[in-house]
Every structure is written in structure tokens, then in C-alpha cells.
Amino acid sequence: MKYTVVLTTLSAIGVSACNNVNADARNQKGVDTLIQRTKDALVRVEGGSFQMGDFGPIDPNLKGRNKGLPYSAEQDNKPLHQVTLDTFYMSPTKVTYSEYDIYTQAKGKEKINNSNKYEMRFRQDNVPAGVDWQQAKNYCGWLAEKTSLPFTLPTEAQWEYAARSGGQFIPYGTSTGTLEKGKSIPTNEEVRGATEAGDSSGLAPYPVDMYPPNPLGLYQMGDNGYEWVLDWYQEDYYDSTIQKNPRGPDEGDEKVVRGISNGQGWGGTLTVERYHAPPKIGDKFLHTEFSFRCVVSDEID
């Protein structure tokens, strides 16, 4: 009888160890698949010079009474100034919950589990992961560790240049350069049916590739939530910004975010609009308002 107990116990231990090995193998396969897919999907953004900021006064496409007027009343996206960027590579979509879950599991961290019950209604594999700035930065840093490529968050200059399809005079980062429900941005009905929440309010996020990308192949460059970028925010930074590969001020209290908060009414915003938020969101905002994507700023072999 004692032998039977010992053998049974050893058998159970063996099964448990085997299950752990299998789980580790599955987890590693998930990581390998994510890394390869991320690298393969990167969009090359050819470097060049462009006029960064509110280009309304010089937009050759504007006609009639709007010609010569700024696009926005905000002053932090002025004055218009020339910026030159090196070639970089950008993820075509915002990082999703399913992608972020693979990262947290690989790092032995808990899944994103935002405490707000309203937010958790939108937690779906293909919806942008709602995170604060450091969480976004850490994910890109993990990609850098896994690939030996310099993955990081985009600078706001890179973000705007890419949203404008290489710095062209494009007001909206959609497939058409315009905001047209049912053509370049989703309708209320589409947003309502996109998640199990069945919500089409301004706070409702939706899948990252719901509509076609901009001409460069980048999705939602200005809609479906804010996007964290690398730069600290400074209201008058455009007055003194450096021309070559600017990275923002050396320090600050808030980070620049691009795009639009779903809380402001989903749809989209101008490619030149600048917003800002504390890197640690806290209770002031919903996490689902903030997403991100990563870039590689050096050539890829």
C-alpha cells in the first residue's frame, strides 16, 4: 500500500511537471509568433523634411473662404516649422489586449485589469490595450530586448509625419484624409456591434483595423483613442524645437498624446492636434482612452 501511495504521488508530480513544460512551450510559441508578426508587419516610413504643425495657412488644398486660415484655434501646434526625420519603421496598428497579454504573461506580470468596471466591458483581443505611459514604454522596451532592434515609442514628430503619410498636407490620418462615417471612420451602429459591451457612446473603443489604413498602411492615426508618444509636453515647444529628429523637452510633468480621446466623441481628430496627460493616468482618465504603437528608428537588416 505504501508503494502504491508513493507511485501515485510520483505520477501526479510527473503529470504536473509535464503540464508546466507544455504550458511554458505554448507561452514561448506565443511570444515567438508575436515577435515575428510584429517585425513582419512594420511599415517603412521613408525619412524626409516636412512642415510640422498647423499647416492650414499654407495648405494648397484649401480654397474659398477657408484659404489661409489655421485648422485649429489651439496655439501649442504653432508656429509651423520645418522638421527633418530619418527613416523609421512603425507598427501599423495600436497594440491590442491580446498582444499585451502575451507580454505580461512572458514577464510574469498580471494582465491589465483596470479596476473601472465600465472600462472592462471593452476588454477584447483586437481592441487597443488601455495603458499608462510607462506601461506602453515598457512593452516597446520588451520588444527591443527580444529582437535586438531599437523599439521604442514614436516621437510626436514621427507620429505626425506618419499620420500625414510622409508629411503631406493631409488633415486626417484616414484612408481618405477625411472623416466620413461608413467610409473612413465607423458608424454608430458599427461601434455598437464591435464589442460585447454593445456601446456606441463616445467612450467606446473598437477594433484596431476596423477601417482601411492611411496611404502608408497605418491604421487609426487620429481616432479610437489617444496614443502615447515619447516626448514630454511643453506648450511653446514649437517656438524653439530643433529641426533634426526632435525628441521633445528634456523633462516635464506631462507627456504628449496624439489622436483623440474617445471621451471627446469618437471619430477622429486633425493630424496636427496636440494633447497632453500625466504619464501615470490615475483616476483622472479612463485607461481605455490611452493606447500606443511602437517604432524602430534604425534600419532593419
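Details of the structure are given in the entry above.
Note that the coordinates shown come from a computational prediction; the quantities given were computed from them, not determined experimentally.

Looking now at the packing of aromatic side chains. Within the structure shown, the criterion is met by 15 aromatic pairs. Geometrically, the ring pair formed by Y139 and W142 is tilted, given 5.9 Å between the ring centres and 50° between the ring planes. Taken together, the residues span about one helical turn, with Y139 and W142 both in helix α4 (residues 133–147) at a distance of 3 residues. Taking the relative accessible area as the measure of exposure, W142 reaches 2% and is therefore buried. Relative to F290, the ring of Y226 has its centre 5.2 Å away and its plane inclined at 35°; by these criteria the two rings are tilted. You can see Y226 sitting in strand β6 (residues 225–232) and its partner F290 sitting in strand β9 (residues 290–291), a full 64 residues away along the chain.

Grouped together as the largest cluster of nonpolar side chains are 34 residues, with contacts concentrated most on Y100, Y139, W228 and F292. For this core, the secondary structure elements donating two or more residues are α1 (2–41), α2 (97–106), α4, β6 and β8 (275–277). Looking at which element gives the most residues to this core, the answer is α4, with 7 residues. Formed by 21 residues, the second largest nonpolar core is a distinct cluster that contains V45, L218, M221 and Y237.

For the rest of this paragraph, the subject is empty space enclosed by the protein. For the structure on display, the rule yields 3 cavities of 30 Å³ or more. Volume-wise, the largest cavity comes out at about 90 Å³. As for the largest cavity, its lining consists of 15 residues, and the residues nearest its centre are S184, Y211, P212, Q220 and D223. In terms of residue class, the lining of the largest cavity is built from 8 nonpolar, 6 polar and 1 charged. For the second largest cavity, the calculated volume is near 40 Å³. Together, M52, H81, E156, A157, D231, Y237, Y238, T241 and P246 line the second largest cavity. Split by residue class, the lining of the second largest cavity holds 5 nonpolar, 2 polar and 2 charged.

Cut-offs applied
- Residues numbered from 1 in each chain as written.
- Predicted model: local features only at pLDDT ≥ 70, side-chain atom pairs only at ≥ 80, totals over all residues.
- Heavy atoms only, no water.
- Phe/Tyr/Trp six-rings, centres within 6.5 Å; stacked < 30°, edge-to-face > 60°.
- Helix = DSSP H or I, 4+ residues; strand = E, 2+ residues; numbered from the N terminus.
- Buried < 20%, exposed > 50% of the residue type's maximum accessible area, 1.4 Å probe, protein only.
- Core = buried A, V, L, I, M, F, W, Y, C linked by side-chain atoms within 4.5 Å.
- 1 Å grid on protein atoms, 1.4 Å probe; cavity = no way out; pocket = protein on both sides within 12 Å on 5 of 7 lines; lining within 4 Å.
- Points joined across faces, edges and corners; volume = space filled by probe spheres on them.
- Nonpolar A, V, L, I, M, F, W, Y, C, P; charged D, E, K, R; others polar.

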